[in-house]
Amino acid sequence: MTPFLQFRLWAREAPAGERMVAVCLAVVVATIASWSLVSVNPSHHTTQTLVTAPPASPASPATAPNGSAGRPSGTHRGPAGNPTPGATASVAAGPSSTPGTRHGSRPAIGHGSTPSATAPATPDCGPSGSTDQGVTADAIQVDVDVANLAGAAGNGLVGLPDPKVEKAMFGAAIDWVNNHGGVRCRQLVAKYYTANPLSQPSLEALCLDMVADKPFALLDEGLASPVGSPTPRDCPPSHQLPEFGSLSLSQREVEQYSPYLFAYNETSEQVVHDSILAAHEIGWFKGAKKVGLIEQDCIPDLNSIALSDLARIGYPNSEVTTFDFGCPNDIPSPLSVENAVLRFKSAGVTNVLDDGGVYENYFSNDAYNQHYRPKYMVGDQGSIALWDNRAFGPNPENFEGALAITATQYGAENTAGATFNALTHDCDLAMKAKGLLGATDSPDGFAGVACTLVHQFVLAADNAPALVRADLAAGLAAVGHADMPFPAGPANYERSHGQYGGGYWRPDVWHTSCACFEVQSVRFRLSFS
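All of these numbers come straight from a predicted model, not from anything done at the bench.

What follows covers the overall build of the protein chain. The number of helices and strands found in the protein chain is 16 helices and 15 strands. Looking at the 529 residues of the protein chain, the share that counts as buried comes to 59%. Contacts spanning at least 24 positions in sequence make up 72% of the contacts within the protein chain whose residues lie at least 6 apart. As displayed, the protein chain offers around 18600 Å² of accessible surface, 55% of which is attributable to carbon and sulfur atoms.

With that settled, consider the side chain of T424. With respect to the element layout, T424 can be found in helix α14 (residues 422-432). Taking relative accessible area as the criterion, T424 reaches 1% and is therefore assigned buried. A distance of 2.9 Å separates a polar side-chain atom of T424 from the backbone nitrogen of F486.

A few words on helix α15 (residues 446-463). Given a rise of 1.5 Å per residue, 18 residues ought to cover 26 Å, and the 26 Å separating the end C-alpha atoms of α15 matches this to within 8%. In terms of burial, α15 is a largely internal element, 18 of the 18 residues being buried.

Before going further, it helps to spend a moment on the packing of helix α9 (residues 268-282) against helix α10 (residues 301-312). For the pair α9 and α10, interaxial distance at closest approach is 9 Å and the crossing angle is 20°. Comparing their axes, α10 and α9 come out roughly parallel. As α9 runs across α10, the sense of the crossing is right-handed. When α9 is examined against α10, the residues S268, E269, V272, H273, I276 and L277 are found in contact with a partner set consisting of D301, L302, I305, A306, D309, L310 and R312. Per-class residue counts for the contact of α9 with α10 are 7 nonpolar, 2 polar and 4 charged.

As a further point, take the pattern of salt bridges. Counted under the stated rule, the structure contains 7 salt bridges. Close ionic contact of K434 with D175 constitutes a salt bridge, the shortest N to O distance being 3.1 Å. Within this pair, whereas K434 is found in the loop between α14 and α15, its partner D175 is found in helix α5 (residues 163-179), the two being separated by 259 residues in sequence. Of the charged contacts in the structure, one is a salt bridge between D234 and R252, with a shortest N-O distance of 3.8 Å. Taken together, the residues D234 in the loop between β3 (217-221) and α7 (235-238) and R252 in helix α8 (residues 251-257) connect sequence positions 18 residues apart. Exposure remark for D234: the relative accessible area of 7% places this residue in the buried category.

The next thing to look at is the state of the cysteines. Applying the stated rule across the entire model yields 5 disulfides. Bridging C125 to C185, the disulfide has an S-S length of 1.7 Å. As the torsion about the S-S bond is roughly -65°, the C125-C185 disulfide counts as left-handed. On the criterion of sequence distance, the pair formed by C125 in the loop between α3 (33-36) and β1 (139-147) and C185 in the loop between α5 and β2 (187-195) is long-range, its members being 60 residues apart.

Next up on the list: the nonpolar core. F170, F244, F363, M431 and F457 are the most contacted members of the largest nonpolar core, which totals 78 residues. When residues no more than four places from it in sequence are discounted, the contact partners of F457 are I140, V142, L188, F216, A217, L219, F244 and L472.

With that settled, consider the packing of aromatic side chains. For the structure shown, the criterion picks out 19 aromatic pairs. With a centroid separation of 6.2 Å and 75° between ring planes, the pair formed by F216 and F457 is classed as edge-to-face. Placement of the pair is F216 in the loop between α6 (200-213) and β3 and F457 in helix α15, with a sequence separation of 241 residues. Of the two residues, F216 and F457, both sit in the buried class. Ring geometry for Y376 against F399: centres 4.8 Å apart, planes inclined by 35°, an arrangement best described as tilted.

Taken together, the 5 strands give an open sheet; going across it, the order is β2-β1-β3-β4-β5, and neighbouring strands pair in parallel fashion. Looking along the sheet, the strands with just one partner apiece sit at the ends: β2 and β5 (261-263). In this sheet, adjacent strand axes meet at a mean angle of 25° when their direction is disregarded. Bridging between β1 and β2 involves 9 bridges; their strand directions are parallel. In the strand pairing of β2, I140 is matched with L188. Across the face of the sheet, α6 comes into contact with β1, β2 and β3 while running at roughly 160° to β2. On top of the sheet, α15 reaches β1, β2, β3, β4 (243-245) and β5; it is set at about 160° to β3, its chief contact.

With that settled, consider the environment of V211. Its place among the elements puts V211 in helix α6. Separated by 68 residues in the primary sequence, V211 and D143 place their C-alpha atoms 9.6 Å from one another.

What follows is about α10. Between the first and last C-alpha of α10 there are 16 Å, a value that for 12 residues agrees with the 16 Å anticipated at 1.5 Å per step. Listed in full, the buried residues belonging to α10 are L302, N303, A306, L307, D309 and L310. Projected onto a plane normal to the axis of α10, the buried residues spread over an arc of 165° and lie on a single side. Packing partners of the buried residues in α10 comprise α9, β6 (291-295) and β7 (320-324). G314 lies just past α10 and shows a positive phi near 110°.

The rules behind each value
Residues numbered from 1 in each chain as written. Predicted model: local features only at pLDDT ≥ 70, side-chain atom pairs only at ≥ 80, totals over all residues. Heavy atoms only, no water. Helix = DSSP H or I, 4+ residues; strand = E, 2+ residues; numbered from the N terminus. Buried < 20%, exposed > 50% of the residue type's maximum accessible area, 1.4 Å probe, protein only. Contact = heavy atoms within 4.5 Å. Areas by Shrake-Rupley, 256 points an atom, 1.4 Å probe, with all protein chains shown as cover. Polar contact = N/O pair within 3.5 Å; in protein donor to acceptor, adjacent residues only side chain to side chain. Expected span 1.5 Å × (residues − 1). Axes fitted to C-alpha atoms, helices over the stretch in contact; angles between N-to-C directions. Parallel < 35°, antiparallel > 145°, perpendicular 65-115°, else oblique. Left-handed = near helix turned anticlockwise from the far one by under 90°. Nonpolar A, V, L, I, M, F, W, Y, C, P; charged D, E, K, R; others polar. Salt bridge = Lys/Arg side-chain N within 4 Å of Asp/Glu carboxyl O. Disulfide = S-S within 2.5 Å. Core = buried A, V, L, I, M, F, W, Y, C linked by side-chain atoms within 4.5 Å. Phe/Tyr/Trp six-rings, centres within 6.5 Å; stacked < 30°, edge-to-face > 60°. Pairing = 2+ DSSP bridges. Arc of directions from axis to C-beta.

Structure follows, in structure tokens:
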């Protein structure tokens, strides 16, 4: 998650009393919004030249040290539109072999250097005038939705930025693009909406409002609803409105809404598949006497994938103890959590994994109370971002040494000595120009989320065969491998036909000392087939 997964899972998992407080806040704060919301100085529009990392020697994506690979000849447009040839990073970057910019390029600006004497290529703007809805001769309209739970008070309750700050962060990323040439010789123009993730009917109405607005695309951080309910995030692509979001997609969604639904994360199915095979490769199962699988029914095929992979590595179904929480779309009852712990403890389970990534935190807290301490592993579908918040986290002591397999850069922000790639650095500069916190410093890494969604859209539009909605997936597919700003990990868009990122994984480990995940191994590795 991802960022904002914390908010969506909070809507599903938070104690009823806390959610009632939030609902009351929504009423109260609405009447005092004029003075309770935080100002972000929206009139500040300072233009700042963005800096990229100096070129590095090329390296194979499969063997590049520190999770970073040099790019081949050519350049790669970052969210600002400026190329980042051969950019590297030691913790947050991943394999990359991104092709040159399809529609022209601009010279990179190194640290303390002056622009290259080489004149930039004339961009291939494509046909002039309108090519699709939301496109004119000089502008591309995108809609942006952000979550708003009673403004600063409500969002702060779950650790998210004030809605005004959320909008300002998207605005900073979009200004960054426009200050560096825009997209296909056009400026991005954003129209903002706020969404209340606690109210599904309002989300559905909001979707229809945005569809009627006829933008070229939607950058979504407010529509996705809790797992298990009909998903409002599927509404825009069902109306052929391309939607770029941060949450993992299910394979069913990918197939049903192609080519209009996008995510920068890996699919839920691949996350589970990678997590089990990666944990086996790392040695997490070594010495396991019995395996316990926490199941869910919100995405039913995750259970069958997990059981199949466990059998593949030597744990047939007869040797796996399971507990299925169903799909309650709510916080699991204390009784069900207690029963899960009792079942695993009495069965002698030594290694516990959670194929939905949303129950081990509750399990761990109850296990601590029952003096039961197994080993834990989870495939990261937003768990790292969520559980790093102490209000939602596992028991810090009971969870010591827990393994998370992630396709994201989460964990690096907690890791001493971590460095980040050029795209993250540029995002920080774009935010700094507006007086905002950077990618790794902002709540839930939200500044990075904004940069990542804008960056993914720019890659798709710049490389699309034509500037039409139905071609955006083909544009991302043409990019192939790409580094992404924090918190997204490196992406192989070719394998996903341009609809989602991922294709790589690396391990994070939970440490009691910080009650957080830290990166265990810097290098991203290829996903399992």
